[in-house]
Amino acid sequence: MYLCTYEYEGKENVGIMIKDNVSIIPINKLIDESINDMNEFISIYSDKMVFLKKKVNEYSGNLISLNDVKVSSPIRYPRRDILCLGKNYKDHALEIKDFVKNKELIPKYPIYFTKRADRTIGTEDTILRHEQITNEIDYEVELAVIIGKDGINIDKKDVDEYIFGYTIVNDVSARDIQRKHEQWFRGKSLQTFCPMGPYIVTKDEIPSPVALDITCKVNDELRQSSNTKNMIFDIPHIISELSKGIELKTGDIIITGTPSGVGLGFNPPRYLKSGDKIECTIEKIGTLVNYME
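Residues numbered from 1 in each chain as written. Predicted model: local features only at pLDDT ≥ 70, side-chain atom pairs only at ≥ 80, totals over all residues. Heavy atoms only, no water.

The protein is annotated in an unreviewed UniProt entry as Fumarylacetoacetate hydrolase family protein of Vallitalea guaymasensis. Reading the Sequence similarities (unreviewed entry) entry of the UniProt record for the protein gives the comment "Belongs to the FAH family." (UniProt positions renumbered as here; feature names shortened; annotations may be inferred.)

(A) Layout of the state of the cysteines. For the structure on display, the rule yields 0 disulfides. The thiol of Cys 84 is unpaired, and the distance to the nearest cysteine sulfur, on Cys 194, comes to 7.8 Å. In this structure Cys 84 comes out as buried when scored by relative accessible area, which is 1%. Here Cys 216 is not cross-linked by a disulfide; its sulfur's nearest cysteine counterpart is in Cys 280, at 4.0 Å. When its relative accessible area of 0% is taken as the criterion, Cys 216 is described as buried. (Disulfide = S-S within 2.5 Å. Buried < 20%, exposed > 50% of the residue type's maximum accessible area, 1.4 Å probe, protein only.)

(B) The arrangement of helix α2 (residues 49-58) in detail. Taken together, the buried positions of α2 are Met 49, Leu 52 and Val 56. The buried side chains of α2 occupy one side of the element, clustering within an arc of 60° when seen end-on. Exposed residues on α2 whose side chains face more than 90 degrees from its buried face are Val 50, Lys 54 and Asn 57. Packed against the buried residues of α2 are β2 (11-18), β3 (23-26), α1 (38-45), β11 (163-170) and β13 (196-202). (Helix = DSSP H or I, 4+ residues; strand = E, 2+ residues; numbered from the N terminus. Arc of directions from axis to C-beta. Contact = heavy atoms within 4.5 Å.)

(C) Structural view of the nonpolar core. Counting 53 residues, the largest nonpolar core has Leu 143, Tyr 166, Ile 239 and Ile 285 as the members making the most contacts within it. If you look at the next biggest cluster of nonpolar residues, it comprises 32 residues, including Met 1, Leu 30, Cys 84 and Phe 164. (Core = buried A, V, L, I, M, F, W, Y, C linked by side-chain atoms within 4.5 Å.)

(D) Just the pattern of salt bridges, in detail. Under the criterion given, the structure shown has 21 salt bridges. With a shortest N-O distance of 2.6 Å, Arg 116 and Asp 81 are connected by a salt bridge. Taken as a pair, Arg 116 in the loop between β7 (111-115) and β8 (126-127) and Asp 81 in the loop between β5 (70-71) and β6 (82-86) lie far apart in primary sequence, 35 residues in all. Classification of Arg 116 by relative accessible area gives partly exposed; the value is 38%. For Asp 81, a relative accessible area of 23% gives the class partly exposed. Residues joined by salt bridges that share partners form a network here, namely Lys 115, Asp 138, Glu 140, Asp 171, Arg 175 and Lys 188. (Salt bridge = Lys/Arg side-chain N within 4 Å of Asp/Glu carboxyl O.)

(E) Representation of the pairing of β13 in the model. A large share of β13 lies buried, amounting to 7 of its 7 residues. Bridge analysis of strand β1 (residues 2-8) against β13 gives 2 bridges, and the strand direction is antiparallel. Across the sheet, the residue bridging to Tyr 2 is Val 201, located in β13. As paired elements, β11 and β13 share 4 bridges and run antiparallel to each other. The residue bridging Ile 168 from the neighbouring strand is Gly 197, located in β13. (Pairing = 2+ DSSP bridges.)

(F) Layout of empty space enclosed by the protein. This structure, assessed with the given rule, holds 2 cavities of 30 Å³ or more. Volume-wise, the largest cavity comes out at about 120 Å³. Contributing elements (two or more residues each) for the lining of the largest cavity: β6 and α4 (175-181). Considered class by class, the residues forming the lining of the largest cavity number 7 nonpolar, 5 polar and 6 charged. Computed from the structure, the second largest cavity encloses a volume of approximately 30 Å³. Taken together, Pro 78, Arg 79, Arg 80, Asp 81, Ile 82, Gly 251, Asp 252 and Ile 253 make up the lining of the second largest cavity. Of the residues assigned to the lining of the second largest cavity, the class counts are 3 nonpolar, 1 polar and 4 charged. (1 Å grid on protein atoms, 1.4 Å probe; cavity = no way out; pocket = protein on both sides within 12 Å on 5 of 7 lines; lining within 4 Å. Points joined across faces, edges and corners; volume = space filled by probe spheres on them. Nonpolar A, V, L, I, M, F, W, Y, C, P; charged D, E, K, R; others polar.)

(G) Expanded view of the pairing of β11. Within β11, 8 of the 8 residues are buried, which leaves it mostly tucked inside the rest of the structure. In this sheet, β11 lies alongside strand β10 (residues 141-147) in antiparallel orientation, the contact comprising 7 bridges. Following the sheet pairing, Glu 142 is matched in β11 by Val 169.

Okay, structure coming up:
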């Protein structure tokens, strides 16, 4: 199923996309509980997808046209910081070799860090420039994994049981701030630096192992193009290792790294400018579109 958060008649709701993703069934038309946001929906219905699919197939009520709503970020208010992977595509690790001081070009172990995103932004929203503190803003298209239930010390073979679904995140980054502080957290955590969406696709729609084409365009110019099968560390490895001694919680968001083609990788670098249009696309999920302030 394709799930969205949307604004309609002054209210924000959770819905299920149907009919080639041009119509929405409000989730509260299908269930007895009153669901206020996507986090609440995941907590209650992560293991009830079969029940919900049956309800969708039986639904004969009114639909809302996608043209009549504003699609928001699917998880507007993450419950915890975003969990991130650095240098998880070989070609990207090589293109930033002069930026990262770690002499090991291809990591032997996953590089984990976090990204603060008290509030994410959705498709068609604006990324703020923060020109008083940065002039080197970059894009990074990434596949995001949404955790569907709490788990600790998860075995690789059981990882799929803990996944709720997938979405797209643009891991927007201020390279000059990263360089100044010699770490990634602050430069990736400025307000509006976490565009997400447009939808969450439940795991049953995307076979495992996940092998999806992933691209990013800036002003219609293709900058990044790869496939998630090219990750150095795959999703079972990431989730299993992260969970060793650390409990993953329902609604946690893990972004799995970006392929080559980021602005930093060009000579000279090609950072985002005012008015730029950024389109992050992942096969079977959709396209996340944002604009620079």
